[in-house]
Amino acid sequence: MGLFSGSFGTGLVTGLATSVDKSLRNAMDKRDEELSSARKFWQTRQAQKMDLAEQRDSRIKKSLNRLIDEMNGDAAAGLAAFKAAGGDPDSVELFIKDLDETRAAGLEYNLQDKLKLDGVDLSQFGDLTRERAFASVRTELSPVDIQMQDTGLLANIGLGMKDMGKGISEEVNKMIPAREQEAIEGITGAVLDRSGMITSERYKKEVMAAVPDMKTQMSANLYQINNGKDLMGKDLTEADITKLEMENAKLLTQIGGLAKAETAATDSGPTLTEISALYSKGLTQLQTDLGFEVNSSTGIMTIQGPEGQLLEGAEAQSYWKQQKDSWKSDFVQTSIFDGSGNYVSNDADFAARSLGLGDVATSVRASLVEAAPEDTAAGATEELKKPKSASEAGFSTAKDVKNNPFGYISAVRTNNPKITDGELRLALIKSGVPMYEVDELIPFDASAQPQ
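Residues numbered from 1 in each chain as written. Predicted model: local features only at pLDDT ≥ 70, side-chain atom pairs only at ≥ 80, totals over all residues. Heavy atoms only, no water.

Draft legend 1. Here's a closer look at the pattern of salt bridges. Tallying each qualifying case throughout the model produces 16 salt bridges. Between E70 and R66 there is a salt bridge whose closest N-O contact spans 3.1 Å. With E70 and R66 both in helix 1 (residues 6-70) and four residues apart, this pair spans about one turn of that helix. Residue K321 is joined to D325 by a salt bridge in which the shortest nitrogen-to-oxygen separation is 3.0 Å. With a gap of four residues between them, K321 and D325 both fall in helix 12 (residues 313-335), about one helical turn apart. Accessibility expressed as a relative area gives 32% for D325, which makes it partly exposed. (Salt bridge = Lys/Arg side-chain N within 4 Å of Asp/Glu carboxyl O. Helix = DSSP H or I, 4+ residues; strand = E, 2+ residues; numbered from the N terminus. Buried < 20%, exposed > 50% of the residue type's maximum accessible area, 1.4 Å probe, protein only.)

Draft legend 2. Structural view of unusual backbone geometry. Phi at N72 takes a positive value of approximately 60°, unusual for a residue other than glycine. By the secondary structure assignment, N72 is in the loop between helix 1 and helix 2 (75-84). Judged by its relative accessible area of 63%, N72 falls in the exposed class.

Draft legend 3. View of the nonpolar core. Core analysis: the largest hydrophobic core is formed by 50 residues, its most contacted members being Y279, W320, F331, I336, Y408 and L428. Once residues lying within four places of it in the same chain are set aside, the contact partners of Y279 are E245, A249, W327, K328, F331, L355 and L357. The next biggest cluster of nonpolar side chains, apart from the first, holds 32 residues, and it includes L79, Y109, V120 and M197. (Core = buried A, V, L, I, M, F, W, Y, C linked by side-chain atoms within 4.5 Å. Contact = heavy atoms within 4.5 Å.)

Draft legend 4. The packing of helix 11 (residues 272-289) against helix 12, seen in detail. Contact geometry for helix 11 and helix 12: axes closest at 11 Å, N-to-C directions at 150°. In terms of orientation, helix 11 lies roughly antiparallel with respect to helix 12. For helix 11 against helix 12, the interelement crossing comes out right-handed. Judged by residue contacts, I275, L278, Y279, G282, L283, L286 and Q287 of helix 11 engage W320, Q323, K324, W327, K328, F331 and S335 from helix 12. (Axes fitted to C-alpha atoms, helices over the stretch in contact; angles between N-to-C directions. Parallel < 35°, antiparallel > 145°, perpendicular 65-115°, else oblique. Left-handed = near helix turned anticlockwise from the far one by under 90°.)

Draft legend 5. Layout of the packing of helix 12 against helix 18 (residues 421-430). At a closest axis distance of 9 Å, the pairing of helix 12 and helix 18 adopts a crossing angle of 40°. Taken together, the axes of helix 12 and helix 18 lie oblique to each other. Residues Q333, T334 and S335 of helix 12 pack against G422, R425, L426 and I429 of helix 18. Across the contact of helix 12 with helix 18, the residue classes tally to two nonpolar, four polar and one charged. (Nonpolar A, V, L, I, M, F, W, Y, C, P; charged D, E, K, R; others polar.)

So, in structure tokens, the structure goes:
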């Protein structure tokens, strides 16, 4: 008799079958629960995304319609403005808020005038509707793509599902359809000019308030230049002083441009701006000619010496100061005073003091007054008397010289070969020839300094 024959064998087989059947059912129930949980999770998650997308779309549609209305109902122009304002609800809503605040403050801002469409041709979108414009910027909702594998008992015995996630994805996507934007090419690249908006004007005021008073800054620089120490009492190097001098020239140019009619208003002759620009140009040229450099890491100055050798440190600073002082003296003589020791313009006095040339000006003026040549090529009278030959050539008044400075230079040089560039420059300046024109006709040679 066999081992499993009889009632024992029958019972054993029946028991095994029952056990296997129960295990299979348990495995199937477990898989169904996993599928149900996954379906519920992804469905809930996609529904939440849909809710957020609809909330965002509500804001997009409201902002877009507002901009379309601003463009007199032109959907394409409104869409271009929407993208130019940032292209997302946060940015566009902020722009609209600033727009409303600007108008509430009494300022004018016309969106049609401020939208710059360089390179954007909207004529091809004449039939664009609000709905299509919105569809091109609406919030996209991607379809779910669930990756889920069957790894339970059923898979081990060949009864597993090949792609559990595919079925769930299809069900969720059918219930909550994905959304894509409608592609509309050619309405990107417009620019919104925000100047004139309340935020722009407020920013300008804040920047202006943060800028230190230029005259106060200039006075502080002069204090440091004259004392050779910074505001904390630390000794300044020649490089430090030169930097402050250049900064004051720049400040003086700004003051001349912003407050020409203030302390140093002038009716004729070189202005603050012209004098300070000439000063900056000349000092910069002197630095170039002498190979002036300051190591950004060590702060050590190097410069080319009188015999072409490279000087550095204390030697470089000493030689630079010598050359700079000599250049300043020449600058004052040719650009601040005329040949008789008078200021070339009302601005010249203020310019000299502001550039820290007060002591140099006093010394140079004394030497000019003491020399007092009876006959200067520049001429010092109000009628601006010229050499006889110049008068004969038709340059008897300042107006004649101003109208044809090149002709005047040619006439004088032809009949007076010994006349210097400095004397000619003074003559032109005294005649009211603009400083930039004087500089072009007779360039200021910063390197030709007395040794």
